[in-house]
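Below, each chain spelled out in residue letters.
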Amino acid sequence: MTEIALNAPEMFDLSGRVAFVTGAGSGIGQRIALGLAQCGADIACLDRRTDGGLNDTVGLIEGAGRKAISIAADVTSKTALTDAVAKTESDLGPLAISVNAAGIANANPAEEMEEEQYQSLMDINMKGIFLSCQAQANAMLRHGKGSIINIASMSGIIVNKGLDQVHYNASKAGVIHMSKSMAMEWVSRGVRVNSISPGYTATPMNTRPEMIHQTKEFETQTPMGRMASVNEMVGPAIFLASDASSFCTGVDLLVDGGFCCW
Ligand SMILES: NC(=O)c1ccc[n+]([C@@H]2O[C@H](COP(=O)([O-])OP(=O)(O)OC[C@H]3O[C@@H](n4cnc5c(N)ncnc54)[C@H](O)[C@@H]3O)[C@@H](O)[C@H]2O)c1
C-alpha cells in the first residue's frame, strides 16, 4: 500500500509565509489578500490608490490576526517594485507568495483608439506584470522557493462579445503566455508561476461607465447565469499559493462559470 503521510487540510495552510499582493486596494486583489491572510500568511499590500482602499485592506488583514503593510506604488516602476519587495522582506520576512492583480480596463473601437490609450493599458497590464514578477522572482530565486500568481482574464482566451477592447484582450493573452514562459525559466529553481483567468466578476472595474448597462448581458452570456463574486477567486488563489498545487506550474486556471465552454 502507498505510504499515507499527508494531512490534506495542511496542504492549504499558509502559516508563517509572506505574501505580496498588487492591486490590493480594491476588488479581486483586496479579497485575495484577505483570503491568504485568513490561511495564515502575512501580507504586503501594494496599490497606486490614494483613496483609502489600501488602508481598508490592511485593517481587514489585521482584524484577521495577521500582519500587513501598505505600499503605495505604481507597478509600471521597476525601482518602486524592487524597493517594495525589499521593504516586504525587511518588515515581514522572506517572500514566499505573490499575487499580481493590479490592472485596468477600458474600451474604444480599434480603428479609433489613440496610441496613448493602447500604451498606457499595456504598460500596466503587461509590463506591470513583467516587472512585478521580475522583482518578486529575484527574491524567491534567492530562497529557492516561491509561488507567483498572475491575474489574467478569460479575455486572454475569448473575445468578449460587444466590448471593443483589443488592447485589454491582447494584454491578458500576453499575461497568460508570459506566466507560462517565466514558469519554464524558473521550473528547476523552485519558483512556480501560474495564472488565474477570471470570468465576469462583480468589482469596481465593472462599474466603469461604458459597462454598467452590460451587467445583465454578462449574466446571460455566462453558463452559470451570474457574475462571480470576488470571494470565488479566493479558493483558486489559495490553491495556487499553497503546497496543494506543488506540482502545478505554467497553468492558467479558468474561473469563469463555464464561459469558455460555450
Ligand atoms: N472584474 C472582472 O470582471 C475581471 C475579469 C477578469 C480579469 N480581471 C482582472 O482582475 C484584476 C483585478 O481587477 P478588479 O476587477 O479587481 O479591478 P479593481 O479596479 O477593483 O482593482 C484593480 C486595482 O489595481 C490597482 N491598479 C491599477 N493600476 C495600477 C498600477 N499602475 N499600479 C498599482 N496598482 C494599480 C487599482 O488602483 C485597483 O485598486 C485586473 O488585472 C483585471 O484585469 C477582472
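Everything below is about the structure printed above this text.
Residues numbered from 1 in each chain as written. Predicted model: local features only at pLDDT ≥ 70, side-chain atom pairs only at ≥ 80, totals over all residues. Heavy atoms only, no water.

### A look at the site of the ligand
Convention followed: A cutoff of 4 Å decides nearness: a residue is near a molecule or strand if any of its heavy atoms lies inside that distance of it. Contacts described as polar in this section are N or O atom pairs within 3.5 Å, which, within protein, must combine one atom able to donate a hydrogen with one able to accept it, while residues neighboring in sequence count only if both atoms come from side chains. Where accessible areas are quoted, they stem from the Shrake-Rupley method and a 1.4 Å probe; at the residue level, only the protein chains shown are allowed to cover. The numbering of helices and of strands both runs from the N terminus, where a helix is a DSSP run of H or I of at least 4 residues and a strand a run of E of at least 2. Just so you know the grouping, Ala, Val, Leu, Ile, Met, Phe, Trp, Tyr, Cys and Pro go in nonpolar, Asp, Glu, Lys and Arg go in charged, and all remaining residues, Gly too, go in polar.
Lining the immediate environment of the ligand, one finds 29 residues, of which S26, I28, D47, Y168 and T203 sit closest. One of the backbone nitrogen or oxygen atoms of V75 is found 3.0 Å away from a nitrogen atom of the ligand. The backbone of A101 places a nitrogen or oxygen atom 3.3 Å from an oxygen atom of the ligand. For the ligand, the accessible surface in isolation is 830 Å², of which the surrounding protein chains cover 94%. Every element with two or more residues in the shell around the ligand is listed here: α1 (27-38) and α5 (166-185). Partitioned by chemical class, the residues of the shell around the ligand number 14 nonpolar, 10 polar and five charged.

### Remarks on the sheet that holds strand β2 (residues 42-47)
We count it as follows: DSSP-based pairing: two strands are paired if at least 2 bridges between them are found. The angle between two axes is taken between their N-to-C directions and runs from 0 to 180 degrees, where each axis is a line fitted to C-alpha atoms and a helix contributes only its stretch in contact.
Overall, parallel pairing links the seven strands, which are arranged β3-β2-β1-β4-β5-β6-β7 in an open sheet. Where the open sheet ends on each side, the last strands, each with one partner, are β3 (68-72) and β7 (252-255). Sheet twist, expressed as the mean angle between neighbouring strand axes with direction ignored, is 20 degrees. Two elements, strand β5 (residues 146-151) and strand β6 (residues 191-198), share six bridges in a ladder whose sense is parallel.

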